[in-house]
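# Reading the structure
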Amino acid sequence: MITMAEKLKFPTFECVISNTVEDYDSEVENFFLVRNYLSTELADLREIDPEWKDNYVNIIRYLSELGESIVMGKKVPSHEFLIQLSLGEEVEDDSTERLLRSRGKATAALMRAATRTREVMYWYVKNSKVERFAKSFNPERFQGLPFVRLALTYRSIVTSNKK
């Protein structure tokens with residue numbers, strides 16, 4: 001006799017990238033999950049740091065287009081605007097000191113988003129090493145992600161210095 005526990009199985013999803021059935025703990029699912037967390041954090045930053053609202057909107061669009069490029073094989077989105085946002089003095093100060101000197105919520109929210117970007121980068125690289133995902137998670141599509149992190153980090157430095 002088969003028990004109820006033996007009949008129950010975790011759900012799966014059909015992965016368009018690999019044309020396979022995947023479990024929800026797959027690397028590809030985690031990449032998109034974390035990318036969505038980052039997008040929601042950026043959406044919150046539009047309200048917290050309205051001076052940079054348009055930049056957050058553009059980064060959210062970039063992340064969406066990157067996802068479409070990965071899934072549908074579309075053209076890699078341009079990250080030129082991210083390079084422009086990352087220009088300036090190439091120094092990252094101590095994150096603890098940055099948090100302590102900040103006067104509003106923007107700095108911590110930006111640092112959280114920059115850290116989340118590192119997590120997106122981690123899952124991207126992890127997927128690039130999985131044969132069935134490697135074609136979609138190629139080095140060309142990765143190129144803009146470090147600039148997302150850098151732009152957010154630089155912005156957190158600027159906001160931490162505001163009185």
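Residues numbered from 1 in each chain as written. Predicted model: local features only at pLDDT ≥ 70, side-chain atom pairs only at ≥ 80, totals over all residues. Heavy atoms only, no water.

## Side note on the pattern of salt bridges
- All chains considered together, the criterion is met by seven salt bridges.
- Here Glu-68 and Lys-74 are joined by a salt bridge, their closest N and O atoms 3.5 Å apart.
- The class of Glu-68 is partly exposed, set by a relative accessible area of 35%.
- Relative accessible area serves as the criterion here: at 46%, Lys-74 is assigned to the partly exposed category.
- Residue Arg-116 pairs with Glu-119 through a salt bridge whose shortest N-O separation is 3.4 Å. In this pair, Arg-116 and Glu-119 both sit in helix H6 (residues 106-128), three residues apart, roughly one turn of the helix.
- Residues joined in a network through salt bridges with shared partners are Asp-49, Glu-51, Arg-155 and Lys-162. (Salt bridge = Lys/Arg side-chain N within 4 Å of Asp/Glu carboxyl O. Buried < 20%, exposed > 50% of the residue type's maximum accessible area, 1.4 Å probe, protein only. Helix = DSSP H or I, 4+ residues; strand = E, 2+ residues; numbered from the N terminus.)

## Here we look at the packing of helix H2 (residues 27-48) against H6
- For the pair H2 and H6, interaxial distance at closest approach is 9 Å and the crossing angle is 160 degrees. Our classification of the angle between H2 and H6 gives roughly antiparallel. In this structure, H2 meets H6 at a crossing whose hand is left-handed.
- Each residue belonging to the contact of H2 with H6 can be placed in one class, and the counts come to 15 nonpolar, three polar and seven charged. (Axes fitted to C-alpha atoms, helices over the stretch in contact; angles between N-to-C directions. Parallel < 35°, antiparallel > 145°, perpendicular 65-115°, else oblique. Left-handed = near helix turned anticlockwise from the far one by under 90°. Nonpolar A, V, L, I, M, F, W, Y, C, P; charged D, E, K, R; others polar.)

## Some details on the pairing of strand E2 (residues 20-23)
- One ladder, built from four bridges, connects strand E1 (residues 12-15) with E2; its direction is antiparallel. Across the sheet, Cys-15 pairs through a bridge with Thr-20, a residue of E2.
- The turn linking E1 back onto E2 is made up of four residues, and Asn-19 within it adopts a positive phi angle of 55 degrees. (Pairing = 2+ DSSP bridges.)

## Comments concerning the packing of H6 against helix H8 (residues 145-160)
- Interhelical geometry of H6 versus H8 gives an angle of 165 degrees and a closest axis separation of 8 Å. Taken together, the axes of H6 and H8 lie roughly antiparallel to each other. When the axes of H6 and H8 are compared, the crossing they make is left-handed. Contact with H6, carried on its side by Ala-106, Thr-107, Leu-110, Met-111, Ala-113, Ala-114, Thr-117, Arg-118, Val-120, Met-121 and Tyr-124, involves Leu-145, Pro-146, Val-148, Arg-149, Leu-152, Thr-153, Arg-155, Ser-156, Thr-159 and Ser-160 of H8 and no other residues of that element.
- Residues belonging to the contact of H6 with H8 are distributed by class as follows: twelve nonpolar, six polar and three charged. (Contact = heavy atoms within 4.5 Å.)

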